[in-house]
Amino acid sequence: MLQQFLSSNVNQRTDAYGGSIENRVRMPLEMMDAIMAEVGADKTGVRVNPGHTFNELVENDVPELYAHYLEELQTRRLPSPHVVRLFANDSAIDLEAFANQQYNGNTMMSGDYNLASTTKADAERRAAAVAFGKPHISNRDLAERFKTGGPLAECDEATFYAPGPKVYIDYPRYETK
Ligand SMILES: Cc1cc2nc3c(=O)[nH]c(=O)nc-3n(C[C@H](O)[C@H](O)[C@H](O)COP(=O)(O)O)c2cc1C
């Protein structure tokens, strides 16, 4: 829902919550403010998806929109936002560099990372942390495989969001013996 407010095509509101970038980020920020007032900024997290395209969403001003959004989040002293870089990959910006520049090298990144790109991001201080989605689904012992250099199993995308019994728990551990 918050992403729909950020969007430049789905959000067609003509009140204070639509139109300009300031107006489109208003609802997400008001929600963050309300949550932080209730539980404190240190217990509040936010996931940010620049250029998100699910359900035909369009954001036609990713750099300006997220520069403003991340700046506002930082003003609120919100700890490390979790930035997903999947969706703006084909836009003109290097999202890892962009997000960390906006948030003083303090973001948690995710989206198509592997061990090499994580190590690189860490060495270049372009992420405070990296989160894994799909690799963790098919490798329940992901950390162990990273440590031992074990091969990574691929995800079976047909089982994503599937209601049946064959889902996430069926991937075997990596046996070294
Ligand atoms: C089956 C599946 C379900 C997901 N569900 C959510 C979700 O509910 N909310 C969310 O923010 N991201 C969700 N994601 C996105 C992941 O958290 C992650 O950001 C994305 O897969 C990119 O990281 P990766 O390349 O390491 O998988 C989901 C991803 C997958 C594959």
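Structure first, text after, so check above.
Residues numbered from 1 in each chain as written. Predicted model: local features only at pLDDT ≥ 70, side-chain atom pairs only at ≥ 80, totals over all residues. Heavy atoms only, no water.

(A) Local environment of the site of the ligand. Surrounding the ligand, one finds 13 residues, the nearest of these being Arg-47, Ser-110, Asp-112, Gly-133 and Lys-134. Note that a nitrogen atom of the ligand is positioned 2.7 Å from one of the side-chain N or O atoms of Arg-47. Between an oxygen atom of the ligand and a main-chain N or O atom of Lys-134, the distance comes to 2.7 Å. Contact with the protein chains covers 66% of the free accessible surface of the ligand, which is 610 Å². Per-class residue counts for the shell around the ligand are seven nonpolar, three polar and three charged. (Near = heavy atom within 4 Å. Polar contact = N/O pair within 3.5 Å; in protein donor to acceptor, adjacent residues only side chain to side chain. Areas by Shrake-Rupley, 256 points an atom, 1.4 Å probe, with all protein chains shown as cover. Nonpolar A, V, L, I, M, F, W, Y, C, P; charged D, E, K, R; others polar.)

(B) Spotlight on helix α3 (residues 26–39). Taking 1.5 Å per residue, 14 residues should reach 20 Å; α3 reaches 20 Å between its end C-alpha atoms and fits that length. Within the sequence span of α3, burial applies to Pro-28, Leu-29, Met-32 and Met-36. Looking straight down α3, one finds that the buried residues subtend no more than 95° of arc, so they occupy a single side. Exposed and oriented more than 90 degrees from the buried face of α3 are Ala-37 and Glu-38. Buried residues along α3 sit against α1 (2–6), α2 (21–24) and α4 (62–75). Gly-40 lies just past α3 and shows a positive phi near 95°. (Helix = DSSP H or I, 4+ residues; strand = E, 2+ residues; numbered from the N terminus. Expected span 1.5 Å × (residues − 1). Buried < 20%, exposed > 50% of the residue type's maximum accessible area, 1.4 Å probe, protein only. Arc of directions from axis to C-beta. Contact = heavy atoms within 4.5 Å.)

(C) Fine view of helix α6 (residues 115–123). Two to three positions downstream of the cap, the backbone nitrogen of Ala-116 sits 3.1 Å from a side-chain oxygen, assigning the N-cap of α6 to Asn-114. Looking one or two places after α6, you find Arg-125, whose phi comes out positive at around 50°.

(D) Summary view of the nonpolar core. By size, the foremost hydrophobic cluster in this structure holds 26 residues, and its most contacted members are Val-46, Val-48, Tyr-66, Tyr-69, Leu-73, Leu-78 and Phe-98. Within the residue set of this core, elements represented by two or more residues are α3, α4 and α5 (95–102). Considering each element in turn, this core owes the most residues, seven residues, to α4. (Core = buried A, V, L, I, M, F, W, Y, C linked by side-chain atoms within 4.5 Å.)

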